[in-house]
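# Understanding the architecture of this molecule
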Amino acid sequence: MSAPMAIGCRKYRRLFSKQNLYKYRHLLRYLSKSSKKFEYDLVVIGGGSGGLACSKEAAQLGKRVAVLDYVNPSSQDKNPHCSGTKWGLGGTCVNVGCIPKKLMHQAALLGHAIEDSRLYGWDVPHSVTNDWEKMCGAVQSYVKSLNWGHRVQLQDKNVEYLNSLGSFSDQHTIRAVDSKGQERFLTTEHAVIAVGGRPTLPTQIPGMVDRAITSDDIFWMKKPPGKTLVVGGSYIALESAGFLTGLGFDTTVMVRSICLRAFDQQMASFVTDYMENNGTRFLRQCLPLGVVKNGEGKLEVSYQDGNGNKDLETFDTVLMAIGRYSVTDKLNLPDIGVSMDDIGKVIGGHGGDLERSSVPHIYAIGDVLHERPELTPVAIKAGRLLARRLFGGSQIQMNYDQVATTVFTPLEYGVVGMSEEDAVTTQGEGSIEVYHAFYAPLEYAIPGRDVSQCYIKVICENGDDGRVLGIHLTGPNAGEIVQGFSVAMGCGLTWRQLSSSVGIHPTTAEELVKLHITKSSGLDPKVTGC
């Protein structure tokens, strides 16, 4: 090859390099408009786990994709401890949910482990305490690294990211408004709603909106929360109360009715009994009436019990965890014909597609989808499968049944499948059998830890070849244990297959395959040996 030809080839290689193609992507999109009806093949509103998974999958299939993500500060914009929390790309799970929650849960478990270590021969000072600022700094640094990682991934996959608040102008046009009020309109062939939810604050309780924090704030507080009241019986309430107690804070849970309403109630009682036995105080059948800040800066909470008696207590922090709402009210969905339920969730299932809304090219995934599990892995899986159906020729729908989950309370609760209550309702009490056992995790033996709430039960159809309908476990590392059993349940696990498996000794997981005592027998279910 001659020298001029070689120089020319190098110029063309530089011109069409990955960097230059990314640099001039807007020009390339503009030039392609003459042959394309829409600017984008897909616009995703919401940069949480589900939205990111869907957008990246679509981009890998060669489509023109944009993601809009914008976070309004939490309600506590005047609170000196949290100053209206705002966060980066990644949604609830990364910033104010699963990730920081699990890290603070781990911090609390480490405190218990330090206490236990003395009985294993470790020389540990008795005055060991947690440094809230240092712990939060480490957690927040990790979260920020995930924010940055998500931005890099979008760039690498040529997904356009807009830090803008999105809404629908019409069925194919998205209005994007950034923090400076600058407006842009994006036309798209398909759209996915993945905006997730935010915690609910009760406006009817005087002082609560101004004085209380939520799970949006607790992980980003600048100062230790001190004596804390957690209001609510949700898994978010119990997880937060659990790690706060474990970190050494005086913590009270105020519950109006029952805890872990959507879960098996026998298991829920073991979770709360363990927490109560290990330092968390519970005010049951109680309702907050108001919150006032006193002259010392403390929060005076008035409340009423189930008998109508009123009382007043003082706390440093009040954390509301009574539920969440879908962030769909600003999207103009009713105006463009998207059907929604009475709590603002998108009704899917139209046209045989589980995520399709009443407008054929608009879809919803994650926490905004009507009657679907509000779990991060569910949103991720649904988002990827949706992108493959839209752009990859796939027909595979998301399977929303038998999704495993874990409540990361001090005594973890892992579950997959039906609760005992649901099994009785759907199958009939005479059509099921429940195998169960109380057991003692070996790691609790030397420290003499409380094992009275360590419990396993497996709910099955009658007969050795009856399907396993539900698996429930309270104990250490419950999430790690239940994950594998959930795969087996997805393959149609029967009681015969489960009980014929050989366990790994000595582990908690082996207690599941050793089960042999049924509730109907009335025999003592306590495990007494190998």
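Structure: see above.
Summary of the structure given here. (Residues numbered from 1 in each chain as written. Predicted model: local features only at pLDDT ≥ 70, side-chain atom pairs only at ≥ 80, totals over all residues. Heavy atoms only, no water.)

## Topic: the overall build of the protein chain
When helices and strands are counted, the protein chain shows 16 helices and 21 strands. Over its C-alpha atoms the protein chain spans a radius of gyration of 26 Å, differing by no more than 12% from the 24 Å that the globule rule assigns to 530 residues. Over its C-alpha atoms, taken along the principal directions, the protein chain stretches across nearly 85 × 65 × 55 Å. When burial is assessed residue by residue, the protein chain has 48% of its 530 residues classed as buried. Put simply, the protein chain shows about 25,400 Å² of open surface, and 52% of that area lies on carbon and sulfur atoms. A gap of 13 Å separates the mean positions of the 54 positive and 55 negative side-chain charges of the protein chain. (Helix = DSSP H or I, 4+ residues; strand = E, 2+ residues; numbered from the N terminus. Rg over C-alpha atoms; globule rule 2.2 N^0.38 Å. Buried < 20%, exposed > 50% of the residue type's maximum accessible area, 1.4 Å probe, protein only. Areas by Shrake-Rupley, 256 points an atom, 1.4 Å probe, with all protein chains shown as cover. Lys, Arg positive; Asp, Glu negative; His and termini not counted. Charge placed at Lys NZ, Arg CZ, Asp CG, Glu CD.)

## Brief notes about unusual backbone geometry
A cis geometry characterises the amide bond from His 505 onward to Pro 506, with omega recorded as -5°. One non-glycine residue, Asn 477, lies in the positive phi region at around 60°. On the secondary structure map, Asn 477 appears in the loop between strand S21 (468-474) and helix H14 (478-490).

## Brief notes about the sheet that holds strand S19 (residues 432-438)
Taking strand neighbours across the sheet as the criterion, the 5 strands line up as S17-S18-S21-S20-S19 in an open arrangement whose pairing is antiparallel. Among the strands making up the open sheet, the edge pair consists of strand S17 (405-407) and S19. Along the sheet, successive strands turn relative to each other by an average axial angle of 10°, direction set aside. (Pairing = 2+ DSSP bridges. Axes fitted to C-alpha atoms, helices over the stretch in contact; angles between N-to-C directions.)

## Examining the sheet that holds strand S10 (residues 281-284)
Across the sheet, 4 strands lie side by side as S10-S9-S8-S14; this open sheet has parallel pairing. Every interior strand has two partners, whereas the edge strands, S10 and strand S14 (317-320), have only one. Neighbouring strand axes in the sheet, compared pairwise and without regard to direction, differ in orientation by 20° on average. In this sheet, S10 lies alongside strand S9 (residues 251-255) in parallel orientation, the contact comprising 4 bridges. Looking across to S10, one finds that Thr 252 is bridged to Arg 281. Against the sheet, helix H10 (residues 235-246) makes contact with strand S8 (228-231), S9, S10 and S14, and its axis sits at roughly 165° relative to S9, the strand it touches most. (Contact = heavy atoms within 4.5 Å.)

## Focus: the pattern of salt bridges
Scanning the model with the defined rule gives 21 salt bridges in all. A salt bridge links Arg 389 to Asp 353, with the nearest nitrogen and oxygen atoms 2.9 Å apart. Here Arg 389, found in helix H12 (residues 376-391), pairs with Asp 353, found in the loop between strand S15 (324-326) and strand S16 (362-364); they are 36 residues apart in sequence, far enough to count as distant. The closest approach of N and O atoms between Arg 389 and Glu 355, which form a salt bridge, is 2.6 Å. Here Glu 355 lies in the loop between S15 and S16 and Arg 389 lies in helix H12, a separation of 34 residues in the sequence. Glu 355 carries the same exposure label as Arg 389, and that label is buried. (Salt bridge = Lys/Arg side-chain N within 4 Å of Asp/Glu carboxyl O.)

## Describing the packing of aromatic side chains
In the structure shown here, the tally under the stated rule is 7 aromatic pairs. With centroids separated by 5.9 Å and ring planes inclined at 40°, the aromatic side chains of Phe 219 and Phe 243 adopt a geometry described as tilted. On the criterion of sequence distance, the pair formed by Phe 219 in the loop between helix H9 (215-218) and S8 and Phe 243 in helix H10 is long-range, its members being 24 residues apart. Judged by its relative accessible area of 3%, Phe 219 is buried. Each ring, one from Tyr 435 and one from Trp 495, has its centre 3.6 Å from the other, and the planes form 10°; the classification is stacked. Here Trp 495 lies in helix H15 (residues 495-499) and Tyr 435 lies in strand S19, a separation of 60 residues in the sequence. Each member of the pair Tyr 435 and Trp 495 is classed as buried. By way of ring pairs, the aromatic residues Phe 270, Phe 438 and Tyr 455 are connected into one cluster. Between the NZ or CZ atom of Lys 227 and the centre of the ring of Phe 315, over which it lies, the distance is 5.0 Å. Against the face of Tyr 444 rests Arg 449, its NZ or CZ located 4.6 Å from the ring centre. (Phe/Tyr/Trp six-rings, centres within 6.5 Å; stacked < 30°, edge-to-face > 60°. Lys NZ or Arg CZ within 6 Å of the ring centre and 35° of its normal.)

## Points about the environment of Val 291
If you trace the backbone, Val 291 turns up in strand S11 (residues 287-293). For the pair formed by Val 291 and Leu 154, sequence separation is 137 residues and the distance between their alpha carbons is 44 Å. Residue contacts for Val 291: discarding those within four places in its chain leaves Pro 206, Gly 207, Met 208, Arg 211, Leu 299, Glu 300 and Val 301.

## What to know about the nonpolar core
One recurring pattern in soluble globular proteins is that nonpolar side chains are buried together. In terms of nonpolar packing, the biggest core is built from 45 residues, with Leu 42, Phe 168, Leu 186, Val 192, Ile 193, Leu 333 and Ile 362 touching the most fellow members. At the level of secondary structure, the elements contributing two or more residues to this core comprise strand S1 (40-45), helix H4 (49-60), strand S2 (65-68), strand S5 (173-177), strand S6 (183-193), S16 and H12. At 6 residues, the largest contribution of residues to this core is made by H12. Among all residues touching Leu 333, those that are not within four sequence positions of it are Phe 168, Ile 193, Thr 328, Val 338, Met 340 and Val 346. The next biggest cluster of nonpolar side chains, apart from the first, holds 43 residues, and it includes Cys 136, Val 139, Trp 220 and Val 253. (Core = buried A, V, L, I, M, F, W, Y, C linked by side-chain atoms within 4.5 Å.)

## Re the pairing of S9
Taking burial as the measure, the 5 residues of S9 include 5 buried ones, the bulk of the element. Sheet topology places S8 next to S9; 4 bridges connect them, and they run parallel. Across the sheet, Thr 228 pairs through a bridge with Thr 251, a residue of S9. In terms of handedness, the path from S8 via H10 over to S9 forms a crossover that is right-handed. Considered for its hand, the β-α-β crossover made up of S9, helix H11 (residues 265-277) and S10 is right-handed. (Right-handed = clockwise from strand over helix to strand, strands pointing away.)

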